[in-house]
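A closer look at the structure
Each chain, letter by letter, is given below.
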Amino acid sequence: MIDYSDLHRQVYEQGHLFGVEQLLPRDPLRDVKPGVRPNSIAIEGGAFGDEGKGKCVDELAARLAREHGKVIVYRWNGGANAGHTVEFEGHRVALHQVPSGAFIPGATVILGKGMVLHPADLVTELDQVATLMGPDSRSNVWVDEMAVLCLDTHRAFEAALNQWQEGGRGATGRGIAPAYADIVYRHPLRMRDLKVSDWQTRIGRHYDLYAGWMTGLGANLSSTTVPALQGTTQVGSRKAFLQNLGAQRNVLLPYIRDVSVPLHEAWMAASPPFIFEGAQAVGLDARFGVYPDVTASDPTLGGILASTEGLVLPRQIAVRAAALKATYTSSVGTRRLPTRMDEELAQRIREAAQEYGTTTHRPRDIVHLDLPALRFYARVSDASHLILTHMDIAYPNESIRVCTFYTDRRGNSLPYRPDQEYLKAVVPHYVELPSWDGAALRNARKPQDLPLPAQQFVAFVSQALGATPLFATIGPQRDETVSWLP
Ligand code: IMP
């Protein structure tokens, strides 16, 4: 088991910074090996979600659109369970399903096959985009006809299941797991099912199936109340359900298309630049995260391969970045992470960084960085780079605790394993790293501008995780970012 004491000595006693004090020697987006697609970057959540990926994607999309005239932002997983807020030109917009970058001239955003899409919520989001960007912007939002429908029937069924099941109670209530389960049961409704003339028959059959299942669970589908983008709504009778969907369908039809050919052409050319935007995070993955409070989509970089139907191999992507909060980790759900923080400090961070869910508004748990878990997550997704967000959440008199290894109660080393029962019993061991004044980072834009303790911290964490730093964010605005790109 790695305990990182050697690394700690190298950074904090011998003064090795592993180059993080300067810009990267080459541009990883342009200067690529054969077989790698230039100007391609993927960003996944490297912890438990809410790392601030949206802001990074938005900023990067603006930069690449400026340099190349256009950019594609492709989202590969999740649905209305995700949420991030984009701030620009005095507007503050919450997006859930539409990828970041939708407000950038020159950006084409794609909602990929790997997503599950809720029509009513999507209509509201698309209206926001059209209002702010003008009606012509419609041609810059592509919805893959193979993406799966996630309806109020799924939300109602999830609520009924939560009455008796153990795992999954921390879910966002957006019907995500039942919609993905439809794929495994081999009866999913896809966006293309909205395009056909007998759409009402297909979706009516789906309604009947879910009504039957709910009756079996002792619940009633039509009278069940489910979350909506604002507040709640009732699923309603079969007729009302189909009527509502009919109105949404009229708005959505122009966006739904077969994306496979244009996607193939764009990927095979050297331009435009591609940004793959992940939702959720590896710690929420059903195979690698803290099971059972996990999500149903594939939030790892591997999910890109499936969503693009085998077109994009993760190893062809020039930069495969995991996003992490730099000095702490947040988690929302029912999972109990080993590195829980003293509540006084957690509360201070929660208020400073507004750690409340964008989708559910729940207060997030705040925990110390857990290197055994984070290294495992970076490894299983083969992350090459790191994006460290919230670098400004650091206090000069409060050293930063980082868990470097686990033991059992008798002191024997233990690895991370993706299982809540197991993780409940591990004992975390920490190092205390010197901190810095987060408020004083405001004007930092280059690695040289960071104070020494921040450089040491980035060197320690990036070496421990085996990935190279790419960006660190120091505030919520578009340009409040330190970049290692030359
Ligand atoms: P589901 O994705 O709604 O099924 O929720 C499964 C788990 O993932 C729950 O613990 C949720 O709180 C968590 N989760 C889902 N989406 C997000 C997200 O965007 N950020 C943080 N946690 C999330």
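Residues numbered from 1 in each chain as written. Predicted model: local features only at pLDDT ≥ 70, side-chain atom pairs only at ≥ 80, totals over all residues. Heavy atoms only, no water.

1. What to know about the nonpolar core
- With 118 residues, the main nonpolar core has Ile 203, Phe 457 and Phe 460 as its most contacted residues.
- Ranked by residue count, the leading element in this core is helix H13 (residues 452-465), at eight residues.
- Aside from chain neighbours lying at most four places away, what touches Phe 457 is Tyr 12, Ala 326, Thr 327, Leu 369, Ile 400, Val 402, Leu 433 and Trp 436. (Core = buried A, V, L, I, M, F, W, Y, C linked by side-chain atoms within 4.5 Å. Buried < 20%, exposed > 50% of the residue type's maximum accessible area, 1.4 Å probe, protein only. Helix = DSSP H or I, 4+ residues; strand = E, 2+ residues; numbered from the N terminus. Contact = heavy atoms within 4.5 Å.)

2. What to know about the site of the ligand
- Near the ligand there are 17 residues, and of these Thr 172, Asp 293, Thr 295, Val 332 and Arg 335 occur at the shortest range.
- Within the side chain of Thr 295, an N or O atom sits 2.6 Å from an oxygen atom of the ligand.
- In this structure, an oxygen atom belonging to the ligand sits 2.7 Å away from a side-chain N or O atom of Arg 335.
- The protein chains hide 97% of the 470 Å² of surface that the ligand would expose on its own.
- Tallied by class, the residues present in the shell around the ligand amount to seven nonpolar, six polar and four charged. (Near = heavy atom within 4 Å. Polar contact = N/O pair within 3.5 Å; in protein donor to acceptor, adjacent residues only side chain to side chain. Areas by Shrake-Rupley, 256 points an atom, 1.4 Å probe, with all protein chains shown as cover. Nonpolar A, V, L, I, M, F, W, Y, C, P; charged D, E, K, R; others polar.)

3. Let's talk about empty space enclosed by the protein
- Summed over the entire model, instances satisfying the criterion amount to two cavities of 30 Å³ or more.
- In this structure, the largest cavity spans a volume of roughly 110 Å³.
- Mapped onto the lining of the largest cavity, the elements with two or more residues apiece are helix H10 (343-352) and strand S18 (400-407).
- Of the residues that constitute the lining of the largest cavity, the class distribution is eight nonpolar, four polar and two charged.
- Here the second largest cavity defines a volume of roughly 70 Å³.
- Residue lining of the second largest cavity: 14 residues in total, with Phe 48, Leu 337, Thr 339, Asp 370 and Ala 373 positioned closest to the centre.
- Sorting elements by how many residues they give to the lining of the second largest cavity places helix H11 (residues 371-380) first, with three residues.
- When its residues are assigned to classes, the lining of the second largest cavity shows 10 nonpolar, three polar and one charged. (1 Å grid on protein atoms, 1.4 Å probe; cavity = no way out; pocket = protein on both sides within 12 Å on 5 of 7 lines; lining within 4 Å. Points joined across faces, edges and corners; volume = space filled by probe spheres on them.)

4. Let's talk about the pattern of salt bridges
- Inspection of the entire model under this criterion finds 27 salt bridges.
- With a closest N to O distance of 3.0 Å, Arg 238 and Asp 208 form a salt bridge. Of this pair, Arg 238 sits in helix H7 (residues 238-252) while Asp 208 sits in helix H6 (residues 199-216), and the two are 30 residues apart along the sequence.
- The shortest N-O distance in the salt bridge between Asp 365 and Arg 336 comes to 3.3 Å. Taken as a pair, Asp 365 in strand S15 (residues 365-367) and Arg 336 in the loop between strand S14 (329-331) and H10 lie far apart in primary sequence, 29 residues in all.
- Judged by its relative accessible area of 17%, Asp 365 falls in the buried class.
- Its relative accessible area of 38% is what places Arg 336 among the partly exposed residues.
- One salt-bridge network, held together by shared partners, links Asp 27, Arg 30, Arg 63 and Glu 67. (Salt bridge = Lys/Arg side-chain N within 4 Å of Asp/Glu carboxyl O.)

5. With respect to the pairing of strand S3 (residues 84-88)
- Of the two faces of S3, only the one carrying His 84, Val 86 and Phe 88 is buried; Thr 85 and Glu 87 on the other face are not.
- As paired elements, S3 and strand S4 (residues 91-95) share five bridges and run antiparallel to each other. Each residue of the ladder has a partner; that of Val 86, found in S4, is Val 93. (Pairing = 2+ DSSP bridges.)

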